[in-house]
Amino acid sequence: MLQVYPILCRAGIMDNYAYLIIDEETQTSAIIDPSEPNPIIKKCEELKINPDYILNTHHHFDHTDGNLILKQKYGCKVVGNIKDSHRIPEFDIGVESGKTFTLGNSIAEIIDVSAHTQGHILWYFPQDKVLFTGDTLFNLCIGGLFEGTAEEMFSALQKIKALPDDVVFYPGHEYTMHFAREALSLQPNSPVLIEYIKRAQDRLSQGLPVAPVALKTEKQCNPYLRAENLTELKHIL
Ligand code: ZN
Ligand code: FE
(Lines give C-alpha, C1' and ligand atoms only; values in the text may rest on other atoms or scores of the structure.)
(Ligands and ions follow the chains in the order given, each with its own letter.)
Protein backbone atom coordinates (compact mmCIF):
# COMPACT_ATOMS: atom_id res chain seq x y z
CA MET A 1 0.00 0.00 0.00
CA LEU A 2 1.10 3.48 -0.89
CA GLN A 3 0.29 6.38 1.43
CA VAL A 4 0.01 9.78 -0.24
CA TYR A 5 0.37 13.12 1.54
CA PRO A 6 -0.26 16.22 -0.59
CA ILE A 7 1.88 19.23 0.37
CA LEU A 8 0.80 22.65 -0.86
CA CYS A 9 3.80 24.72 -2.00
CA ARG A 10 4.03 28.34 -3.24
CA ALA A 11 0.62 28.80 -1.63
CA GLY A 12 -1.44 31.60 -3.13
CA ILE A 13 1.21 32.23 -5.80
CA MET A 14 1.47 29.16 -7.99
CA ASP A 15 -0.34 26.67 -5.72
CA ASN A 16 1.89 23.72 -6.53
CA TYR A 17 1.39 20.32 -4.98
CA ALA A 18 4.33 18.23 -3.96
CA TYR A 19 3.51 14.76 -2.62
CA LEU A 20 5.17 12.71 0.06
CA ILE A 21 4.51 9.06 -0.79
CA ILE A 22 5.36 6.16 1.50
CA ASP A 23 5.37 2.47 0.66
CA GLU A 24 3.74 1.23 3.86
CA GLU A 25 5.36 -2.22 4.21
CA THR A 26 8.94 -1.11 3.67
CA GLN A 27 8.62 2.57 4.71
CA THR A 28 10.48 3.47 1.52
CA SER A 29 9.47 7.02 0.68
CA ALA A 30 9.72 9.68 -1.99
CA ILE A 31 8.83 13.28 -2.68
CA ILE A 32 7.11 13.93 -5.97
CA ASP A 33 7.91 17.31 -7.57
CA PRO A 34 9.43 19.24 -4.65
CA SER A 35 8.47 22.77 -5.60
CA GLU A 36 10.18 24.37 -2.62
CA PRO A 37 11.92 22.80 0.38
CA ASN A 38 10.31 24.30 3.49
CA PRO A 39 6.73 22.94 3.45
CA ILE A 40 8.16 19.53 2.52
CA ILE A 41 10.72 19.48 5.33
CA LYS A 42 7.93 20.43 7.73
CA LYS A 43 5.79 17.48 6.60
CA CYS A 44 8.74 15.06 6.73
CA GLU A 45 9.52 16.17 10.29
CA GLU A 46 5.91 15.85 11.34
CA LEU A 47 5.80 12.24 10.03
CA LYS A 48 9.42 11.46 10.98
CA ILE A 49 10.25 10.45 7.43
CA ASN A 50 13.60 10.62 5.68
CA PRO A 51 12.67 10.51 2.00
CA ASP A 52 14.73 8.06 -0.07
CA TYR A 53 13.92 9.53 -3.47
CA ILE A 54 12.73 12.60 -5.31
CA LEU A 55 10.55 11.72 -8.30
CA ASN A 56 10.17 14.49 -10.89
CA THR A 57 7.47 14.65 -13.56
CA HIS A 58 9.27 17.33 -15.58
CA HIS A 59 12.03 19.90 -15.41
CA HIS A 60 10.15 23.15 -14.63
CA PHE A 61 11.51 25.08 -11.63
CA ASP A 62 8.21 25.00 -9.78
CA HIS A 63 8.54 21.18 -9.66
CA THR A 64 12.28 20.84 -9.07
CA ASP A 65 13.45 23.83 -7.02
CA GLY A 66 13.48 21.72 -3.84
CA ASN A 67 15.75 19.04 -5.34
CA LEU A 68 19.08 20.49 -4.16
CA ILE A 69 18.18 21.32 -0.57
CA LEU A 70 16.23 18.10 0.05
CA LYS A 71 19.05 16.05 -1.43
CA GLN A 72 21.57 17.81 0.81
CA LYS A 73 19.38 17.33 3.88
CA TYR A 74 18.19 13.74 3.35
CA GLY A 75 20.65 12.27 0.86
CA CYS A 76 17.74 11.26 -1.34
CA LYS A 77 18.28 10.32 -4.99
CA VAL A 78 16.71 12.41 -7.74
CA VAL A 79 14.81 10.36 -10.32
CA GLY A 80 13.43 11.62 -13.62
CA ASN A 81 13.10 10.92 -17.31
CA ILE A 82 16.53 9.99 -18.65
CA LYS A 83 15.79 12.40 -21.51
CA ASP A 84 15.66 15.26 -18.97
CA SER A 85 18.93 14.32 -17.24
CA HIS A 86 20.58 17.52 -18.50
CA ARG A 87 17.95 19.86 -17.13
CA ILE A 88 16.51 18.34 -13.96
CA PRO A 89 18.62 19.71 -11.08
CA GLU A 90 20.72 17.16 -9.14
CA PHE A 91 19.68 14.32 -11.45
CA ASP A 92 20.79 10.83 -10.23
CA ILE A 93 18.64 8.05 -11.71
CA GLY A 94 17.07 7.94 -15.17
CA VAL A 95 13.80 6.19 -15.93
CA GLU A 96 12.30 5.47 -19.34
CA SER A 97 8.80 5.47 -20.68
CA GLY A 98 7.36 1.96 -20.75
CA LYS A 99 9.69 0.83 -17.94
CA THR A 100 9.09 0.70 -14.19
CA PHE A 101 10.59 2.15 -11.03
CA THR A 102 10.47 0.28 -7.73
CA LEU A 103 9.70 2.09 -4.48
CA GLY A 104 9.90 -0.58 -1.77
CA ASN A 105 7.09 -2.99 -2.66
CA SER A 106 5.32 -0.44 -4.85
CA ILE A 107 5.94 -0.35 -8.56
CA ALA A 108 5.54 2.74 -10.71
CA GLU A 109 5.00 2.58 -14.43
CA ILE A 110 6.54 5.45 -16.36
CA ILE A 111 4.36 6.96 -19.10
CA ASP A 112 5.73 9.58 -21.48
CA VAL A 113 3.26 12.40 -22.07
CA SER A 114 5.49 14.91 -23.86
CA ALA A 115 3.39 18.02 -24.61
CA HIS A 116 3.52 20.45 -21.66
CA THR A 117 7.27 19.82 -21.88
CA GLN A 118 9.22 17.32 -23.95
CA GLY A 119 10.01 14.42 -21.66
CA HIS A 120 7.17 15.03 -19.20
CA ILE A 121 6.26 11.72 -17.55
CA LEU A 122 3.41 10.35 -15.48
CA TRP A 123 4.14 8.28 -12.40
CA TYR A 124 1.51 5.51 -12.36
CA PHE A 125 1.22 2.98 -9.52
CA PRO A 126 -1.19 0.38 -10.99
CA GLN A 127 -1.50 -1.82 -7.85
CA ASP A 128 -2.49 1.18 -5.78
CA LYS A 129 -4.46 2.75 -8.59
CA VAL A 130 -2.73 6.07 -8.07
CA LEU A 131 -1.50 8.41 -10.81
CA PHE A 132 0.67 11.52 -10.51
CA THR A 133 0.09 13.80 -13.47
CA GLY A 134 2.38 16.82 -12.90
CA ASP A 135 1.44 19.61 -15.30
CA THR A 136 -0.25 17.38 -17.87
CA LEU A 137 -3.63 16.83 -16.20
CA PHE A 138 -5.17 19.17 -13.61
CA ASN A 139 -8.66 19.00 -12.14
CA LEU A 140 -10.97 20.19 -14.94
CA CYS A 141 -8.00 21.44 -16.98
CA ILE A 142 -4.61 20.63 -18.49
CA GLY A 143 -1.17 22.25 -18.51
CA GLY A 144 -0.09 24.72 -21.19
CA LEU A 145 1.82 23.68 -24.30
CA PHE A 146 5.30 25.01 -23.47
CA GLU A 147 7.31 22.60 -25.60
CA GLY A 148 4.74 20.51 -27.46
CA THR A 149 1.90 20.62 -29.95
CA ALA A 150 -1.85 20.11 -29.70
CA GLU A 151 -1.30 16.75 -31.43
CA GLU A 152 1.11 15.67 -28.72
CA MET A 153 -1.28 16.80 -25.99
CA PHE A 154 -4.13 14.91 -27.62
CA SER A 155 -2.05 11.75 -27.68
CA ALA A 156 -0.97 12.30 -24.05
CA LEU A 157 -4.61 12.65 -23.00
CA GLN A 158 -5.52 9.43 -24.82
CA LYS A 159 -2.93 7.62 -22.69
CA ILE A 160 -4.60 8.94 -19.55
CA LYS A 161 -8.06 8.07 -20.85
CA ALA A 162 -6.89 4.50 -21.47
CA LEU A 163 -6.14 4.03 -17.74
CA PRO A 164 -8.81 2.35 -15.58
CA ASP A 165 -11.72 4.44 -14.28
CA ASP A 166 -11.00 3.62 -10.64
CA VAL A 167 -7.48 5.09 -10.73
CA VAL A 168 -7.30 8.35 -8.75
CA PHE A 169 -5.03 11.16 -9.86
CA TYR A 170 -2.92 13.78 -8.13
CA PRO A 171 -2.04 16.90 -10.18
CA GLY A 172 0.91 19.30 -9.90
CA HIS A 173 -1.20 22.38 -9.13
CA GLU A 174 -4.42 23.35 -7.40
CA TYR A 175 -6.16 25.09 -10.30
CA THR A 176 -9.63 23.57 -10.03
CA MET A 177 -11.62 26.74 -9.44
CA HIS A 178 -9.80 28.66 -12.19
CA PHE A 179 -11.44 26.39 -14.75
CA ALA A 180 -14.68 25.39 -13.07
CA ARG A 181 -16.68 28.13 -14.75
CA GLU A 182 -15.36 27.29 -18.20
CA ALA A 183 -16.04 23.59 -17.70
CA LEU A 184 -19.55 24.43 -16.53
CA SER A 185 -20.21 26.67 -19.54
CA LEU A 186 -19.47 23.67 -21.77
CA GLN A 187 -21.65 21.28 -19.77
CA PRO A 188 -24.15 23.42 -17.83
CA ASN A 189 -26.54 20.57 -17.10
CA SER A 190 -24.14 17.83 -16.08
CA PRO A 191 -25.05 16.56 -12.60
CA VAL A 192 -21.61 14.92 -12.27
CA LEU A 193 -19.85 18.21 -13.02
CA ILE A 194 -22.11 20.21 -10.71
CA GLU A 195 -21.39 17.70 -7.94
CA TYR A 196 -17.64 17.83 -8.78
CA ILE A 197 -17.55 21.60 -8.36
CA LYS A 198 -19.61 21.50 -5.15
CA ARG A 199 -17.24 18.94 -3.65
CA ALA A 200 -14.23 20.99 -4.82
CA GLN A 201 -15.51 24.18 -3.17
CA ASP A 202 -16.28 22.25 -0.03
CA ARG A 203 -12.82 20.68 0.20
CA LEU A 204 -10.98 23.90 -0.64
CA SER A 205 -12.93 25.79 2.02
CA GLN A 206 -11.67 23.23 4.54
CA GLY A 207 -8.10 23.73 3.35
CA LEU A 208 -8.09 20.32 1.62
CA PRO A 209 -6.90 19.60 -1.91
CA VAL A 210 -9.52 18.71 -4.50
CA ALA A 211 -7.41 15.61 -5.29
CA PRO A 212 -7.86 12.72 -5.28
CA VAL A 213 -10.50 12.46 -8.00
CA ALA A 214 -11.19 9.17 -9.82
CA LEU A 215 -10.37 9.14 -13.51
CA LYS A 216 -13.94 8.00 -14.16
CA THR A 217 -15.22 11.34 -12.86
CA GLU A 218 -12.47 13.35 -14.52
CA LYS A 219 -13.18 11.71 -17.88
CA GLN A 220 -16.80 12.85 -17.52
CA CYS A 221 -16.04 16.40 -16.37
CA ASN A 222 -12.70 17.60 -17.76
CA PRO A 223 -13.37 19.26 -21.16
CA TYR A 224 -9.90 18.35 -22.45
CA LEU A 225 -10.39 14.67 -21.65
CA ARG A 226 -13.86 14.84 -23.15
CA ALA A 227 -12.51 16.05 -26.50
CA GLU A 228 -12.93 13.08 -28.81
CA ASN A 229 -10.61 14.22 -31.56
CA LEU A 230 -7.87 16.75 -32.28
CA THR A 231 -10.28 19.28 -33.78
CA GLU A 232 -12.39 19.24 -30.63
CA LEU A 233 -9.30 19.65 -28.46
CA LYS A 234 -7.95 22.54 -30.56
CA HIS A 235 -11.30 24.24 -30.24
CA ILE A 236 -10.89 24.64 -26.48
CA LEU A 237 -7.12 25.10 -26.26
ZN1 ZN B 1 5.36 22.81 -15.71
FE1 FE C 1 3.99 23.71 -12.86
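As a reminder, the structure under discussion sits directly above these lines.
These lines cover the structure that appears in this document, whether it is placed above or below. (Residues numbered from 1 in each chain as written. Chains lettered and ligands numbered in written order. Predicted model: local features only at pLDDT ≥ 70, side-chain atom pairs only at ≥ 80, totals over all residues. Heavy atoms only, no water.)

**Observations concerning the overall build of the protein chain**
Piece 1. If you tally the helices and strands in the protein chain, you get nine helices and 14 strands.
Piece 2. Considering only C-alpha atoms, the protein chain reaches an extent of 50 × 40 × 35 Å along its principal axes.
Piece 3. Per-residue burial over the protein chain gives 53% buried out of 237 residues.
Piece 4. Long-range contacts, defined as pairs at least 24 residues apart, comprise 58% of the intrachain contacts of the protein chain with a sequence gap of at least 6.
Piece 5. A total of about 10400 Å² of accessible surface is found on the protein chain, and carbon and sulfur atoms cover 52% of it.
Piece 6. Here the protein chain holds 21 positive side-chain charges and 31 negative ones, and the gap between their average locations is 2 Å. (Helix = DSSP H or I, 4+ residues; strand = E, 2+ residues; numbered from the N terminus. Buried < 20%, exposed > 50% of the residue type's maximum accessible area, 1.4 Å probe, protein only. Contact = heavy atoms within 4.5 Å. Areas by Shrake-Rupley, 256 points an atom, 1.4 Å probe, with all protein chains shown as cover. Lys, Arg positive; Asp, Glu negative; His and termini not counted. Charge placed at Lys NZ, Arg CZ, Asp CG, Glu CD.)

**Some remarks on the sheet that holds strand β3 (residues 28–32)**
Piece 1. If you trace the six strands from one edge of the open sheet to the other, you get β1-β2-β3-β4-β5-β6, paired in mixed fashion. This sheet does not close on itself; its edge strands, each paired only once, are β1 (2–9) and β6 (91–95). Mean inter-strand twist for the sheet, computed between neighbouring axes without regard to direction, equals 25°.
Piece 2. The sheet strands contacting helix α1 (residues 37–47) are β1, β2 (16–23) and β3, and the helix crosses β1 at an angle near 140°.
Piece 3. Across the face of the sheet, helix α3 (residues 67–74) comes into contact with β4 (53–55), β5 (77–81) and β6 while running at roughly 165° to β4. (Pairing = 2+ DSSP bridges. Axes fitted to C-alpha atoms, helices over the stretch in contact; angles between N-to-C directions.)

**Focus: the coordination of the zinc ion (ligand 1)**
Piece 1. Around the zinc ion (ligand 1), the protein supplies H58 (NE2), H60 (ND1), H116 (NE2) and D135 (OD) as donor atoms, at distances of 2.2 Å.
Piece 2. Geometry at the zinc ion (ligand 1) is irregular, judged from its four donor atoms and the angles of 89 to 165° they form at the metal.
Piece 3. Here the zinc ion (ligand 1) and the iron ion (ligand 2) are spaced 3.3 Å apart, linked through D135, which binds each one.
Piece 4. Residue class for H58 comes out buried when judged on its relative accessible area of 0%.
Piece 5. Given the relative accessible area of 14%, H60 is considered buried. (Donors = N, O, S within 2.8 Å, 3.2 Å for Na, K, Ca; no water. Tetrahedral: all angles 85-135°; square planar, octahedral: opposite > 155°, others 65-115°.)

**What to know about helix α5 (residues 176–186)**
Piece 1. Looking only at α5, the buried set comprises T176, A180 and A183. Seen along its axis, α5 keeps its buried residues to an arc of 80°; they face one direction. Away from its buried face by more than 90 degrees, α5 exposes H178, R181 and S185.
Piece 2. Buried-residue contacts for α5 involve α6 (191–205), α7 (215–221) and α8 (223–226). (Arc of directions from axis to C-beta.)

**Some points on the sheet that holds strand β14 (residues 213–214)**
Piece 1. In spatial order, the strands read β7-β8-β9-β10-β13-β14; together these six strands make up an open sheet with mixed pairing. Looking at which strands have only one partner, the edges of the open sheet turn out to be β7 (100–103) and β14.
Piece 2. Across four bridges, strand β10 (residues 130–134) lies against strand β13 (residues 168–171) in parallel orientation. Within β13, the position partnered with G134 by the bridge is P171.

**A word on empty space enclosed by the protein**
Piece 1. The final tally for this structure, using the stated rule, is one cavity of 30 Å³ or more.
Piece 2. Its boundaries defined by the atoms lining it, the largest cavity holds a volume of some 30 Å³.
Piece 3. Around the largest cavity, the lining residues are Y17, Y19, I32, D33, T57, F132, T133, G134, Y170, P171 and G172.
Piece 4. When residues of the lining of the largest cavity are traced back to their parent elements, those giving at least two are β2, β10 and β13.
Piece 5. With three residues, β10 is the largest single contributor of residues to the lining of the largest cavity.
Piece 6. The residue makeup of the lining of the largest cavity, split by class, is six nonpolar, four polar and one charged. (1 Å grid on protein atoms, 1.4 Å probe; cavity = no way out; pocket = protein on both sides within 12 Å on 5 of 7 lines; lining within 4 Å. Points joined across faces, edges and corners; volume = space filled by probe spheres on them. Nonpolar A, V, L, I, M, F, W, Y, C, P; charged D, E, K, R; others polar.)

**Structural notes on the coordination of the iron ion (ligand 2)**
Piece 1. Around the iron ion (ligand 2), the protein contributes the donor atoms D62 (OD), H63 (NE2), D135 (OD) and H173 (NE2), at 2.1 to 2.3 Å from the metal centre.
Piece 2. Here the iron ion (ligand 2) is ringed by four donor atoms whose angles at the metal span 83 to 164°, and the overall shape comes out irregular.
Piece 3. In the primary structure, the donors to the iron ion (ligand 2) are separated according to the pattern D-H-x71-D-x37-H.

**Structural notes on the packing of aromatic side chains**
Piece 1. Counting across every chain of the model gives eight aromatic pairs.
Piece 2. Geometrically, the ring pair formed by Y19 and Y170 is edge-to-face, given 5.2 Å between the ring centres and 70° between the ring planes. A residue pair is termed long-range when its members are at least 10 positions apart, and Y19 in strand β2 and Y170 in strand β13 qualify at 151 residues. The burial state of Y19 is the same as that of Y170; both residues are buried.
Piece 3. Look at F138 and Y175: their rings are 5.0 Å apart centre to centre, the planes differ by 75°, and that puts the pair in the edge-to-face class. Taken together, the residues F138 in strand β11 (residues 137–138) and Y175 in the loop between β13 and α5 connect sequence positions 37 residues apart.
Piece 4. Taken together, the aromatic side chains of Y17, Y19, F125, F132 and Y170 make up a single cluster linked through ring pairs.
Piece 5. Cation over ring: K73 sits above Y74, and NZ or CZ is 5.8 Å from the ring centre. (Phe/Tyr/Trp six-rings, centres within 6.5 Å; stacked < 30°, edge-to-face > 60°. Lys NZ or Arg CZ within 6 Å of the ring centre and 35° of its normal.)

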